[in-house]
Amino acid sequence: MEKEKRTHKSHCIVLPYPSQGHINPMLQFSKRLVHNGAKVTLAVTCFISKSLLGDSGPITIETISDGYDEGGFAQAESGAAYMERFRVVGSETLGSLIEKLKSSGCPVDCVVYDAFLPWALDVAKKLGLVGAVFFTQSCTVNNIHYHVHQGMLTLPLSEPEVVVPGLFPLQACDLPSLVYLYGSYPDFFNMIVNQFSNIEKVDWVFCNTFYKLEEKVVDWMAKICPLRTIGPTLPSAYLDKRLGDDKDYGLNMLMPVTGVCMEWLDSKPNGSVVYASYGSFAKLEPEQMEEVAWGLRRSNAYFLMVVRESEQAKLPQNFKEETAEKGLVVSWCPQLEVLAHRALGCFLTHGGWNSTLEALSLGVPMVVAPLWIDQPTNAKCVEDVWGIGLRARADDKGIVRREVLEDCIGKVMGSDGLKEIKNNALKWKNLAREAVDEGGSSDKCIDEFVAKLTAS
Ligand code: UDP
């Protein structure tokens, strides 16, 4: 093979955990690196690469293996088995990819890896490369998990209120679920805590947040690791508009029903629609799905509801038909376009970090009904720290009831609305844009990273 002439300042391999919520921010970050003159290769697992639809723009895609090429995570015996096999096979195949790129004349300088895959740092260091970890969760959540890892927050919790340095006081139920429900999902707990297993060896720590959003905790964490805030990682068209026609993330694991959604939204009055989605991963209890469906119906607002194909059997019988006048149910939508639509009034979300940052950056008030991991803490921040929405609380059975959803949606959407929430939503929208705009805090961090890579 003829050697490619080196025309780029530096070359990064970017390695996301193979799920939509991790690929989106890391792909978007990659585009910013390319904009600053770096070359980026996105390494995805063989299994995921088969289902990715769309276009990665200036980013080259290469595959590695998680050891489950036929079925990915679903093929594994357990979460622990998946992570262990991914560590072993992933290390080998990532190393081979780096060697292959070296012999093709465009050697890799740096591995930017998802914090869920800390073994990638060992691969980078063994090959003499720069290592940068990318946290796809908030800095607040990372700080709590860091304290658990360090044994500074002992589990199970013994007090109903917890004080974590760098953070506001937290009730147990505001903590990430794997912390306050200690023992609930041991495999995931280990993965979350292991994010910090080799943090002292890493050269750069990136977090998908922005400085003003989490100022105090960013300052605190920056004292213990080389932390930089680089978010929010939304396509540029929704923020600073500096990256050409960068209108969407680019790679979808599910096909969005774009035309139908946008036409339906176009036909609705300004601020009249609740958009409801529980993200790419969550599997709702059938009882919870029913409560969400009837909660939307009872709100009396128009609603656009995303229910993935694999979840649709949990909807109440004839729900779609019976509510067709008010609602539209689709299997996947172009979420950013939806959130940016003038007809949107409120986002009912599980509080995944991408969804939270997207709504915040687009100024959409939220009702957050968190399910697990980081979502309860995101809900706490949305309601009490940033004041851009309400948390819909679950009952003793862990189910958020239709009346609670109706009440929260009504408060956010009602004609008297919650003025403060709307004002705050506008304030954070502007601050998010400032962070990525030229000279903003996140823009400067990305500049600094690429400049240092190029100089070394
Ligand atoms: N998303 C989308 N269409 C949908 C629902 C979600 O494009 O119908 C995207 C959304 O914009 C976000 C991601 O999927 O970027 C979900 O990530 P998040 O962290 O919110 O939740 P997760 O799926 O990881 O639980």
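Everything here concerns the structure above.
Just so it is clear, the model here is predicted, and its values are computed rather than measured. In this convention, every chain numbers its residues from 1, walking through the sequence in written order. Confidence filtering applies because this is a predicted model: local features only for residues at pLDDT of at least 70, side-chain atom pairs given and counted only at 80 or more, and all residues used for totals across whole chains, interfaces and linings. Computation of side-chain values: all heavy atoms of the structure, hydrogens and water removed.

**Some words on helix α13 (residues 353-362)**
Count 3.6 residues to each turn of an α-helix, and residues three or four apart come out pointing the same way. Worth spelling out the cut-off: Each residue gets one of three labels from its accessible area relative to the maximum for its type: buried under 20%, exposed over 50%, partly exposed in between, using a 1.4 Å probe on protein chains only. Every helix listed is a DSSP run of H or I at least four residues long, and every strand listed is a run of E at least two residues long, numbered separately from the N terminus.
Most of α13 is tucked away, with ten of its ten residues classed as buried. Of all the residues in α13, the buried ones are W353, N354, S355, T356, L357, E358, A359, L360, S361 and L362. One or two residues past the end of α13 sits G363, with phi positive at roughly 70°.

**Side note on the packing of aromatic side chains**
Defined as follows: Whether two aromatic rings pair depends on their centres lying within 6.5 Å, for rings of Phe, Tyr and Trp, where Trp uses its six-membered ring; planes under 30 degrees apart make the pair stacked, over 60 edge-to-face, and the rest tilted. Placement of a charge over a ring requires the Lys NZ or Arg CZ to be within 6 Å of the ring centre, with the centre-to-atom vector within 35 degrees of the ring normal.
Enumeration according to the criterion identifies 26 aromatic pairs in this entry. Three or more aromatic residues joined by ring pairs make a cluster, and in this case those are Y17, Y68, F73, Y82, F86, F116, W119, Y185, F188, F281 and W372. Over the aromatic face of Y302 sits the side chain of K268, whose NZ or CZ is 5.1 Å from the ring centroid.

**Considerations on the site of the ligand**
Threshold: Put simply, a residue is near a molecule or strand once any heavy atom of it comes within 4 Å of that molecule or strand. For this analysis, a polar contact is any N or O atom pair within 3.5 Å, provided that within protein one partner can donate a hydrogen and the other can accept it, and provided that sequence-adjacent residues contribute only side-chain to side-chain pairs. When residue character is reported, Ala, Val, Leu, Ile, Met, Phe, Trp, Tyr, Cys and Pro are called nonpolar, Asp, Glu, Lys and Arg charged, and the others, Gly included, polar.
Looking at the ligand, there are 19 residues lining it, with S280, C333, N354, S355 and E358 nearest. A distance of 2.9 Å is found between an oxygen atom of the ligand and a side-chain nitrogen or oxygen belonging to N24. Contact between the ligand and C333: a nitrogen atom at 2.7 Å from a main-chain N or O atom of the residue. For the shell around the ligand, the secondary structure elements donating two or more residues are α1 (20-35), β12 (273-277) and α13. No other element matches α13, which puts four residues into the shell around the ligand. In the shell around the ligand, the residues fall into seven nonpolar, eleven polar and one charged.

By themselves, these figures tell us nothing about what the structure is for.
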